[in-house]
Amino acid sequence: QVQVVESGGGLVQAGGSLRLSCAASGSIFSFEFMGWYRQAPGKQRELVAAVTSDGLTNYAEAVKGRFTISRDTALNTVYLQMNSLRPEDTAVYYCKVFVRSWDYWGQGTQVTVSS
């Protein structure tokens, strides 16, 4: 089994920053990709940013230039640095790990941006 744990969410004022962390543990040797998704009330869950085992990154258009995803392969950990936060970034942020043809999800961390 693979366990995924997110941390770093909280309440921040518009224009501020937060850094989310996602750590995967268990029977994991290498991952195909790890990514961050978010879901706001009344909306579908959407991809925010992802990174492959080769270091290739992908970002949603809404966060390009503001968010940065990074990885620590040795620790099976990914980070999401979120700058210039806006109220529309408010959502539950989920980490997903894809490994050996399976998706593993964390339980989510709430990010709330006040205006």
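Here, the structure is the one placed above.
The model shown is predicted, which means the values in this text are computed figures rather than measured ones.

Draft legend 1. Fine view of the overall build of the chain. A tally of regular secondary structure across the chain gives zero helices and 11 strands. Reading the secondary structure of the chain in the N-to-C direction produces β-β-β-β-β-β-β-β-β-β-β. In terms of C-alpha radius of gyration, the chain reaches 13 Å, essentially the compact-globule figure of 13 Å for 115 residues. Dimensions of the chain, computed from C-alpha atoms along their principal axes, come out at roughly 40 × 25 × 20 Å. Expressed as a percentage of its 115 residues, the buried residues of the chain come to 42%.

Draft legend 2. Seen up close, the packing of aromatic side chains. Per the stated rule, a full pass over the model turns up three aromatic pairs. For the pair F33 and F98, a centre-to-centre distance of 5.5 Å together with 20 degrees between the ring planes defines the contact as stacked. A residue pair is termed long-range when its members are at least 10 positions apart, and F33 in strand 4 (residues 33-39) and F98 in strand 9 (residues 91-99) qualify at 65 residues. Following the ring pairs from residue to residue traces out a cluster consisting of Y37, Y94 and W105. Between R19 and the ring centre of Y79, over which it is positioned, the NZ or CZ distance is 4.1 Å. The ring of W105 has R45 sitting right over it, with the charged end atom 4.8 Å from the ring centre.

Draft legend 3. A look at the sheet that holds strand 3 (residues 18-26). Judged by pairing direction, the sheet is antiparallel, and its four strands sit side by side in the order 1-3-8-7 without closing on themselves. The sheet is open, and its two borders are formed by strand 1 (2-7) and strand 7 (67-72), each paired with just one other strand. Strand-to-strand twist of the sheet, defined as the mean angle between neighbouring strand axes without regard to direction, takes the value 15 degrees. Here strand 1 runs beside strand 3; their pairing, made up of six bridges, is antiparallel. Considered in strand 3, the bridge of E6 is made with C22.

Criteria and cut-off values
- Residues numbered from 1 in each chain as written.
- Predicted model: local features only at pLDDT ≥ 70, side-chain atom pairs only at ≥ 80, totals over all residues.
- Heavy atoms only, no water.
- Helix = DSSP H or I, 4+ residues; strand = E, 2+ residues; numbered from the N terminus.
- Rg over C-alpha atoms; globule rule 2.2 N^0.38 Å.
- Buried < 20%, exposed > 50% of the residue type's maximum accessible area, 1.4 Å probe, protein only.
- Phe/Tyr/Trp six-rings, centres within 6.5 Å; stacked < 30°, edge-to-face > 60°.
- Lys NZ or Arg CZ within 6 Å of the ring centre and 35° of its normal.
- Pairing = 2+ DSSP bridges.
- Axes fitted to C-alpha atoms, helices over the stretch in contact; angles between N-to-C directions.

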